[in-house]
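# Coordinate inspection notes
Here is what each chain is made of, one letter per residue.
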Amino acid sequence: MFDLYELIYVAAIVFFVIGLHRMGHPKTALSGIIWAGWAMAAAIIVSFTIPGISNVPLILTGIAIGGAIGWIAATRVAMVSMPQMVAIYNGMGGGAAAAIAAIELLGGSASVYLQLALGGAIIGSVSLTGSTVAFLKLQGWMKQTPVTFPLQQPFNILILAASAYFGLAYLFPQIPSGLAFSPIYPFFILSLVFGILMTLPIGGADMPVVISMLNALTGLAVAFDGFSTSNFAMVVAGMLVGAAGTILTVAMARAMNRSIFSVLFGAFGKTDEHDLNEARIARAIEAEDVGIMMAYAGSIIIAPGFGMAAAQAQFRVKELLDILQSRNLQVRFAIHPVAGRMPGHMNVLLAEAGIPYELMVDMDEINRELPNTDVVLVVGANDVVNPAARRTDSPLHGMPILDVDKARNVIVIKRGAGKGFAGIDNDLFYSQNTRMLYGDASEVIAALIQSLKKL
Amino acid sequence: MIAEVWSAVYIVVLSAFVGYEVVSRVPVILHTPLMSGSNFIHGVVLVGAIIALGFATDNAERIIGFAAVVMATINVTGGYVVTKRMLKMFEHKKKEEQDV
């Protein structure tokens, strides 16, 4: 039997793969998402031609509501908030996967793969609540520090096991649930609770890795649903994302020198006992003095971090770059792979301000040049330039860092005297060659530009 | 039954392999857009949500199916717009270079 919609689904899958492939290269990246977008639109429209589809007005209303919410939120959000937007969209996908699995389980679908709906339900639910917690933490609507309690991991695993047990008890009535009501209720509730519990002990610095992992999980949930609804477009697309997302997660964790295991169970950023009792003094400097220092420097390297993103200072940084270049100074940008809230976050923001790619230099390459650099300007970066990472007793130990402390002069632009995202004090601030330039990154750089104009 | 299970195993293994191949060796600068792009692609869950609601027979199923359609559409639209916004900046840069 020939079904046009199946043919379109196959074509859509081919375009998804081509789209993902194109998104992996800077020159073709934009066309990649557009190819995938057209394929998605075709797959959605053709789904209405499946024989027997009813409730069409209800479906269209749902699409109109969801489309309006998704479109408005995505167009209004600032570039800085992209990570949490990805998190919440991912959570919505997980929620949809869980809801589809719920219908399959309740309705007793005829598919030979009905049992796999259990997987879609658990993973989708975990992705929904886990992504929501990640969103709330990154958005600052929830405390970013890890929430821990005794026997946390055994307790979490118990919740997950209980959820799986009730799920099996629902599918196979011979398994006793010991409940007066259907075990499907505790099954879903415990899955949702596990998603929250799993994300609570994870600190802000590890959040990108977690979002990427939840993204891969949603892919898996969609693949499971694909089996239970006998829709192979969902199986293949879901597995694609599951595998691609896992690779991205591993790459991100590796860039931070953290294992997935320690991200999930480490409660990173909880404490640093090393220097709590040491009274160390950070020396401050004024913008005008920094202007003079830069004007007569041979080489300048700018190391941006999340502080630049938070202050929306990337446009000021571009102005600063222009004025320094007009004085024939060599300026480059040191890009730590995980500076900001996501790998590549800094590249995206700097590109937004119109800073050329050739000036953005990867960590390994720039670290060789830092010892011969006159001035390093650290704009709101903290953990990624913390020399404590070289000390074996630091929680940051082993994380690759930008060796800015080896430059002749280090200027650190920082909002206040607080700690970094990981909650660890920064040895760099107390170094002999470091001067602190306190204030909002955007305002401070504006003052710096003014002082350079006067010279 | 056995044949169906094996064809399922083939599908899973091959599509996971394609996913692995497509994103390995991607430059760090594209990690965030690619995560967002793959986030968009699992928005294909909307197809499943349409089918689930399309074949819903009672009100409980209709309510859950409607929620699934709304959430899946947020995933698809939001994922697409956010990814495109991020990647537009790459395009912008490229054009400027060509102009010079």
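About the cut-offs
Residues numbered from 1 in each chain as written. Chains lettered and ligands numbered in written order. Predicted model: local features only at pLDDT ≥ 70, side-chain atom pairs only at ≥ 80, totals over all residues. Heavy atoms only, no water. Pairing = 2+ DSSP bridges. Helix = DSSP H or I, 4+ residues; strand = E, 2+ residues; numbered from the N terminus. Axes fitted to C-alpha atoms, helices over the stretch in contact; angles between N-to-C directions. Contact = heavy atoms within 4.5 Å. Core = buried A, V, L, I, M, F, W, Y, C linked by side-chain atoms within 4.5 Å. Buried < 20%, exposed > 50% of the residue type's maximum accessible area, 1.4 Å probe, protein only. Domains from an automatic or database assignment. Buried area = accessible area lost by both parts, 1.4 Å probe. Polar contact = N/O pair within 3.5 Å; in protein donor to acceptor, adjacent residues only side chain to side chain. Nonpolar A, V, L, I, M, F, W, Y, C, P; charged D, E, K, R; others polar. Expected span 1.5 Å × (residues − 1).

This paragraph deals with the sheet that holds strand β2 (residues 330-335) of chain A. Residue and element names in this part refer to chain A. Here six strands make up an open sheet; going across it, the order is β3-β2-β1-β4-β5-β6 and the pairing parallel. Every interior strand has two partners, whereas the edge strands, β3 (360-362) and β6 (434-438), have only one. On average, adjacent strands in this sheet sit at an angle of 25 degrees to one another, irrespective of strand direction. Relative to strand β4 (residues 375-379), strand β1 (residues 299-304) runs parallel, the two being bridged by five bridges. Across the sheet, residue Ile-301 finds its bridge partner in β4, namely Val-376. Contacts between helix α14 (residues 345-352) and the sheet are confined to β1, β2 and β3, with β2 contributing the most and set at about 140 degrees to the helix.

Moving on to the nonpolar core. It is characteristic of soluble globular proteins that their nonpolar side chains tend to be buried jointly. Judged by nonpolar contacts, the single largest core of 181 residues is most densely connected at A:Phe16 and A:Leu320. If one sorts the elements of this core by residue count, helix α4 (residues 82-107) of chain A sits on top with 16 residues. For A:Phe16, the contacting residues outside a window of four places in its chain are A:Ala36, A:Ala39, A:Met40, A:Ala237, A:Leu240, B:Ile41 and B:Val44.

Moving on, we get to the domain arrangement of chain A. Residues and elements named next belong to chain A. If you check the domain split of chain A, you get domain 1 (1-76), domain 2 (96-265) and domain 3 (287-454). Just the C-alpha atoms count here: the centres of domain 1 and domain 2 sit 24 Å apart. Counting residues at the interface gives four residues for domain 1 and five residues for domain 2. Summing both partners gives a buried area of about 450 Å² for domain 1 against domain 2, and 86% of it is carried by carbon and sulfur. Remark: the boundary between domain 1 and domain 2 carries zero residue pairs in polar contact (both at pLDDT 80 or more). Grouping the amino acids of the side of domain 1 that touches domain 2 by side-chain chemistry returns four nonpolar, no polar and no charged.

Taking 1.5 Å per residue as the helical rise, α4(A) with its 26 residues ought to reach 38 Å, and the 38 Å between its terminal C-alpha atoms agrees with that figure. The element α4(A) is extensively covered by neighbouring structure, given that 24 of its 26 residues are classed as buried.

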